[in-house]
Amino acid sequence: MPKRVDHEERRTQIAEALIRVAGRRGLHAVGMRDVAAEAGVSLRLVQYYFQTKERLLFYGLQHLTDRFTARVGARLRAAGPDPGPRATIEALLLASLPTDEESRTFHLLYSSYSILSVTDEALAAQPFIDNPDAAENAVAGLIEQAQEAGLADPDADARTEAISLLAMTATMGTSILVGQRGPESAVAVLHHHLDRIFTTAGPSTPAGLTAAP
């Protein structure tokens, strides 16, 4: 009896191969043949599942985002059953800093996808991310929650602070990649700005919730 093929598992296998080879060579230099070789499958099979390189890249982006979401979830579980707004924001921001191999690959490829979505017509025709404001809305909502609970500066503009924190984290992530600063320096800067927003003592990052998961 022929073995039943799990198509979603096979797509995931190919997406993981894309992430590995792109993390080594850069997304712009990766072709479908490279991904097939990395995954240990035929080029024809990659083409069967994704038809074009753009579809493969878009699926890879979705898979990369799912991995990031799982990474944030692991940090939140490490923070305990009720981490509070500040620790939740820290989990999100610290997970996106390139402090280990997985987060380095995430930052490198996500930045590459951003650029390609602007310059590549086929990628530009697809939504880069389903909800581009999701992270901003989440962080702003958490700051507002902290303000209502008396755990954050009531005069701070939650939306502006959320935009600033996310932009700063993305920029510092790039500075880590290019060797301008180390992860410890970036984490210290983030804590400095969070200390400014969260002016009242409350649940914060436990000892185990540091730069690496």
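As shown above, the structure is provided for reference.
Scoring rules and cut-offs
Residues numbered from 1 in each chain as written. Predicted model: local features only at pLDDT ≥ 70, side-chain atom pairs only at ≥ 80, totals over all residues. Heavy atoms only, no water. Helix = DSSP H or I, 4+ residues; strand = E, 2+ residues; numbered from the N terminus. Expected span 1.5 Å × (residues − 1). Salt bridge = Lys/Arg side-chain N within 4 Å of Asp/Glu carboxyl O. Buried < 20%, exposed > 50% of the residue type's maximum accessible area, 1.4 Å probe, protein only. Contact = heavy atoms within 4.5 Å. Polar contact = N/O pair within 3.5 Å; in protein donor to acceptor, adjacent residues only side chain to side chain. Phe/Tyr/Trp six-rings, centres within 6.5 Å; stacked < 30°, edge-to-face > 60°.

**Q** It is not clear to me how helix α4 (residues 53-78) should be interpreted in this structure. Could you clarify?
**A** Along an α-helix, residues three or four positions apart point the same way, because every turn accommodates 3.6 residues. Taking 1.5 Å as the rise per residue, α4 with 26 residues should run 38 Å; its terminal C-alpha atoms sit 37 Å apart, in good agreement. With its phi angle positive at about 105°, Gly80 sits one or two positions after the end of α4.

**Q** Mind showing me how you'd approach the pattern of salt bridges here?
**A** Opposite charge on two side chains makes pairing possible when the charged atoms of those side chains draw close. Enumeration over the complete set of coordinates arrives at twelve salt bridges. Across the pair Arg67 and Glu16 runs a salt bridge, and its minimum N-O distance is 2.6 Å. Of this pair, Arg67 sits in helix α4 while Glu16 sits in helix α1 (residues 7-25), and the two are 51 residues apart along the sequence. Judged by relative accessible area, Glu16 falls into the partly exposed class, the value being 22%. One connected set of salt bridges, linked through shared partners, spans Glu16, Arg67, Arg71, Asp100 and Glu102.

**Q** Sorry if this is basic, but what is going on with the environment of Arg159 here?
**A** With respect to the element layout, Arg159 can be found in helix α9 (residues 158-177). Along the sequence, Arg159 and Val139 sit 20 residues apart, while their C-alpha atoms lie 8.1 Å from each other. Discounting chain neighbours no more than four positions away, the residues touching Arg159 are Glu136, Asn137 and Ala140.

**Q** Can you help me understand unusual backbone geometry in this one?
**A** Most of the time, phi is negative for any residue but glycine, and the peptide bond is trans. The phi dihedral of Gln51 falls on the positive side, at around 60°, and the residue is not glycine. Structurally, Gln51 can be placed in the loop between α3 (43-50) and α4.

**Q** Sorry if this is basic, but what is going on with the side chain of Ser175 here?
**A** Residue position: Ser175 is located in helix α9. Taking the relative accessible area as the measure of exposure, Ser175 reaches 6% and is therefore buried. Within the local environment of Ser175, its side chain forms a polar contact with the side chain of Arg181, the two groups lying 3.0 Å apart. If we skip the residues at most four places from it in the chain, Ser175 touches Gln180 and Arg181.

**Q** What is the right way to read the packing of aromatic side chains from this model?
**A** For any two aromatic rings, the description comes down to two numbers: the centre-to-centre distance and the angle of the planes. Enumeration according to the criterion identifies four aromatic pairs in this entry. Seen from their ring centres, Tyr48 and Tyr49 are 5.0 Å apart, and the 75° between their planes marks the pair as edge-to-face. Ring geometry for Phe68 against Phe106: centres 4.6 Å apart, planes inclined by 10°, an arrangement best described as stacked. Taken together, the residues Phe68 in helix α4 and Phe106 in helix α6 (residues 101-119) connect sequence positions 38 residues apart. As far as the burial class goes, Phe68 and Phe106 line up, both buried.

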